[in-house]
Each structure stands twice: as structure tokens, then as C-alpha cells.
Amino acid sequence: MADRGTQDRRTLPQMLVVALLVVGYAAFGAYMHLALQIHIVYTHAAYVPIVLASMWWGRRGLVVTGVVACLPVCLHFFRVADAPLWSDIARIAFFCVVAVAVGELSEKVKAAKWALQASEENYRLIVEKSLAGIFVYRNEHILFANSRLGQMLGRPPEDLVATSVWDLIAEEDLPNVRHLVKRRETTGVSDLRYECRLVRADGTRTWVDVASSAADYEGQPAVLVNAYDITGRKEAEAKRRELADLTRKQEEELIHSARLAELGEMSAAVAHELNQPLSGIRNFANNALYMLQEGVGGTEELKENLRWITEQVQRAAKTINQMRDMTRKSESHFVPLGINEIIRESIEFLTPQLRLTGVEVSLDLASGLQRVMGDRIQLEQVFLNLLTNARQAMEEKDRRCLTVRTYVNASEDRPLVVEVEDTGTGFSADRSEKLFEAFFSTKERGHGTGLGLTISQRIIKDHRGTIGAESELGMGARFTIRLPAAEAADSGEATKRHV
Ligand code: ADP
């Protein structure tokens, strides 16, 4: 320690002083005895080196007491002193008592001084080497700032003293921090934890995680603040968010283009579907016109024709609306849904295609099923994809049976089960995982994107469910979806998510 070094440097002059005093004392004593025959005064002079030695060297100062005590012993031994023996012994005893008392006191003072010095050094080490920027403020003004805070803000820490704490905080975070501090004052809670931006000397921002608490500083109440630099973490988070947004956008595009691809494939069947009501409308309209022009038929027959026309218009409008729903890019909206209802709607939407291909559809839907927490359009997209795949897989087959089954398996975490089974070409067992990989398709170029099952799997995962496939080559295929019930998946409230 620095002070111990200074102490060592002082020892030699101190020893010289004490040695001179001891010699002076001996000379003075001898002179008083021999020349002046005075035997008392010299004793008092002995206390000077004894006290000084004990003050400077603590218990080690007793050595000097020993040397000083030699003089009365010598005088007595050579019979120069005529004082009785007991008085010399008493004198020496007093020397020792004074030396021990002063020595002990001096040791204690030195120990306290070194302890204080050590604690100051520890404090400096902790505060200055801390990874946190530390400052103390009272009445909104900084009383102390460590050098880490100076580094974080690009300013010498001394410059920060007397600065207002509000000048350190970035404008955009000021209202929030002021609000938190005010709340602490009103609620009386001592500790506060928040994140905010501090302003650097060059005007740029440093993100910090702040922990502040009430503390006593120099005997008066103040606030102690530890600020950890989290700029790196914040930048990484922003980057991650940016990437997540980008990925989400790309996924949305993917879902959208897959939907468009399905739509393209469907357009022939939809044209057929629209053609039917349009021909109906034309026929009934011609019929009604003929009745009016030729004056044949009654009002009731005319009305009947018009009713038919309205019905056909509604049918065409429904097809067009479904087409629009399919192509719309949407934010997902999670609400409790009946899975059977979605399956029925999906089948209904594909009925024209299924009919054209000659597929026999059988529905085995359990009644009283619990609802699922889901997005209608997304779940519809999954079923449309499974049903379209099944239909396509059966095109080459003579027997074309499509079965959609729903049931409950109460022992599972995801108790709602949907099975889509067909009698199509199927696939070998080792393919059952591969089907879900992006761009895996066995369909002819232009017929398959290889994205349908990938997107379906992602949608089911978003619904906290699972999807799997089983088949034997040539023996048809079965796709199984397991979903949690709405109560387990969510508290039942509608939630919004982006996909
Ligand atoms: P795509 O239909 O565009 O090819 P999918 O991801 O929907 O893309 O399907 C991937 C592949 O999985 C299909 O090319 C087909 O080989 C296989 N597949 C899907 N469903 C069935 C099914 N029901 N029967 C047989 N193979 C199927």
C-alpha cells in the first residue's frame, strides 16, 4: 500500500531522532548526577523518546524503553545514584506502562487507518472496475459518476457531476422514465428497473438497463443508479425482429402464391361451376321474355322463372366470394371454431372438381366436438390442400373414395383428430416425412408446387397441432391432423396473429 511505503521512508529519520534523544537523555542524566548532583529532573526527559518511539513503531517501541531503562540501572550499578532501588524499579515500571499504552494506542490507530484505506481501495476497485455505469444523484443532480459511465457517454466523469439526470436521458424515453420515477416517489417503493436510452456526447444513443434504488450518500438520502450497456443486445434484437418480419412477409407471399397456384388449377372447375348458373339464368330469362312477348303463361309462372334466376345468381355469387376469400392475403384471426363446419365448407368448395373427377365423398364427422382455437381461412386452406391432393392421387384409380373423419381421442394433449383418407396411388412409407419438405412434388411440371403440405404443416403448427401421413404404395393414403381443444389452446378469447 502507498502509505506503508511512505512509512518505510520515514523510519530512518525517526530512528535518528530517537537515537539522538536517547543519547541526549543519557548525557543529560549523567551530567545532572555527576556535575550537579541533581537526581530527579532527568527522569522526565526519558518519556520523550519512549513516547515518540511507541507512537511511531507501536509495540516495537518497547525496545527504546529497554535502552532508556538501562540508565537508572547503570547509575545504580555503579553506585552513582543514591536513590533507593525501589524508586528506580518504579521509574522503569512507569516507562514500560507508558510505552505499552502509547504503543497499543498507536497500533490501533494505524490498524484503523489501514482498514479505512483498504476499504477505500476496495470501493474504488468495485466502483471503478464495475461493468456498470454508476452514478449517485440527489435533487435530480449528479453527485458522483464512475469512469465506466463516462466511457458509456463519451464524457469525462467529472463533467457529469452537477449535471441534471434528465439531461442524460434521451428525449424519446423521458416521459416514460419520468413517469416511473414519479410512481416510485408516490408509492415509496425503493427499487426501480427499466430500459432506456442515454445521450452520448456526440448525440448518439446508448441503450441501458437501469437498476436504481434509494441510498444514503455522504449522510444524506440520494439515489444510486447502475446502468448496464445493452446497446449490442438491442441492436441484435432489432436485427432479429427485422429478419422475423422479412421471413413472415416471405411466408405470407408463399402462402399467397400457393393459394394462387391452387386457384389456377381450380379455374377450369370454377368456370364449369359458373357456367351452370349462367346457362340457367339465360334459359329462365329467355323463357320469361318469351312468356311476356307471346302473352303465354300466368304471373305465377313468370314469378317462378324469376325466382330461379335469383337462385342461380346467388349460387354464382357464392362461388365468386369463395374464390375471393381464397386469394385474399389476410392477417390471421384466431377464434373458437367448429372443425366439422370448416371441413363441410371445404368439401362444398371442391364439390365441382370432385364431381368432375367422379370422387365419392363420405363424411364421418363426430357430433358434439369441442371447438378449436383457429383461423378459419388458414384451416380451410389446409383441408383444401389435403382434399385436392387426395383427388389428384385418385385420378388414375378406378375406385375413387374420399373419406373425411373426425373424432376425439381424450387421452392425448391434442384430442381433436381429423383424418383425410383416399384410395389413390399412395406413397412408400419412407416418403411420409419427405412429403412435408418444401418443393417436394411428384406431380407433373406446372401441376404441383411442392408447397401445399409444407404450408399446411406450418399452419397446423401455428395452431399448436400436428399433421402426419401414412400410406402403402398403391394402397391409398391417410393424413391425420391432431389439434388441441379451444379451452386448452387458449382462454377462449379471440387472438390476432400474423402469418
Ligand atoms: P404438390 O401438391 O404441389 O405437389 P404438396 O406439398 O401438397 O405439393 O404435396 C407434395 C407431394 O406429396 C405430392 O407431390 C405427392 O407426391 C404427395 N402427396 C400428397 N398428398 C398425397 C396423397 N393423398 N396421396 C399420395 N401422394 C400424396
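Residues numbered from 1 in each chain as written. Predicted model: local features only at pLDDT ≥ 70, side-chain atom pairs only at ≥ 80, totals over all residues. Heavy atoms only, no water.

Observations regarding the sheet that holds strand 1 (residues 133–138)
Part 1 of the argument: The strand order 2-1-5-4-3 describes an open sheet built from 5 strands, whose pairing is antiparallel. If you trace the sheet from one side to the other, it starts and ends with strand 2 (141–145) and strand 3 (192–199), each paired once. Taken over all neighbouring pairs, the strand axes of this sheet differ in orientation by 35 degrees on average, direction set aside.
Part 2 of the argument: With respect to the sheet, helix 9 (residues 174–187) is in contact with strand 1, strand 3, strand 4 (205–217) and strand 5 (220–229), its orientation differing from that of strand 3 by roughly 145 degrees. (Pairing = 2+ DSSP bridges. Helix = DSSP H or I, 4+ residues; strand = E, 2+ residues; numbered from the N terminus. Axes fitted to C-alpha atoms, helices over the stretch in contact; angles between N-to-C directions. Contact = heavy atoms within 4.5 Å.)

Some words on the confidence of the model for the chain
Part 1 of the argument: Taken as a whole, the chain shows an average pLDDT of 85; of its residues, 88% reach a score of 70 or greater.
Part 2 of the argument: Contacts from residues 488–499, a stretch scored under 50 in pLDDT, to residues over four places away or in other chains number 35 contacts. (pLDDT = per-residue confidence, 0-100.)

Structural notes on the packing of helix 13 (residues 376–394) against helix 14 (residues 452–462)
Part 1 of the argument: Closest axis-to-axis distance for the helix 13/helix 14 pair is 9 Å, and the angle between their directions is 145 degrees. Considering the relative orientation of helix 13 and helix 14, their crossing is left-handed. Across from Q378, L379, Q381, V382, N385, L386 and N389 in helix 13, the residues of helix 14 making contact are G452, L453, I455, S456, I459 and I460. (Left-handed = near helix turned anticlockwise from the far one by under 90°.)

So, the nonpolar core
Part 1 of the argument: Ranked by internal contacts, the top residues of the largest apolar core, which has 42 residues, are F479 and I481.
Part 2 of the argument: Within the residue set of this core, elements represented by two or more residues are helix 12 (339–357), helix 13, strand 9 (401–408), strand 10 (416–422), helix 14, strand 11 (466–471) and strand 12 (477–483).
Part 3 of the argument: The element that contributes the greatest number of residues to this core is helix 13, accounting for 8 residues.
Part 4 of the argument: Ignoring sequence-local partners within four residues, the contact set of I481 consists of V382, F383, L386, L416, V417, V418, I460, T466 and I467. (Core = buried A, V, L, I, M, F, W, Y, C linked by side-chain atoms within 4.5 Å. Buried < 20%, exposed > 50% of the residue type's maximum accessible area, 1.4 Å probe, protein only.)

What to know about the packing of aromatic side chains
Part 1 of the argument: Enumeration according to the criterion identifies 6 aromatic pairs in this entry.
Part 2 of the argument: For the ring pair Y47 and F95, a centre distance of 5.3 Å and an interplane angle of 80 degrees mean the geometry is edge-to-face. Here Y47, found in helix 3 (residues 47–57), pairs with F95, found in helix 5 (residues 85–129); they are 48 residues apart in sequence, far enough to count as distant.
Part 3 of the argument: Given a relative accessible area of 0%, F95 falls into the buried group.
Part 4 of the argument: Connected via pairs of aromatic rings, a cluster forms that spans F427, F436 and F479.
Part 5 of the argument: Across from the ring centre of W207, 4.5 Å away, lies the NZ or CZ of K234, which sits over that ring. (Phe/Tyr/Trp six-rings, centres within 6.5 Å; stacked < 30°, edge-to-face > 60°. Lys NZ or Arg CZ within 6 Å of the ring centre and 35° of its normal.)

Description of the packing of helix 3 against helix 4 (residues 62–77)
Part 1 of the argument: In contact at an axis separation of 8 Å, helix 3 and helix 4 are set at 165 degrees when each is read in the N-to-C sense. With respect to each other, helix 3 and helix 4 are oriented roughly antiparallel. Seen along the crossing, helix 3 lies across helix 4 with a hand that is right-handed. For the pair formed by helix 3 and helix 4, the contact residues are P49, I50, A53 and W57 on the first element and V64, T65 and V68 on the second. (Parallel < 35°, antiparallel > 145°, perpendicular 65-115°, else oblique.)

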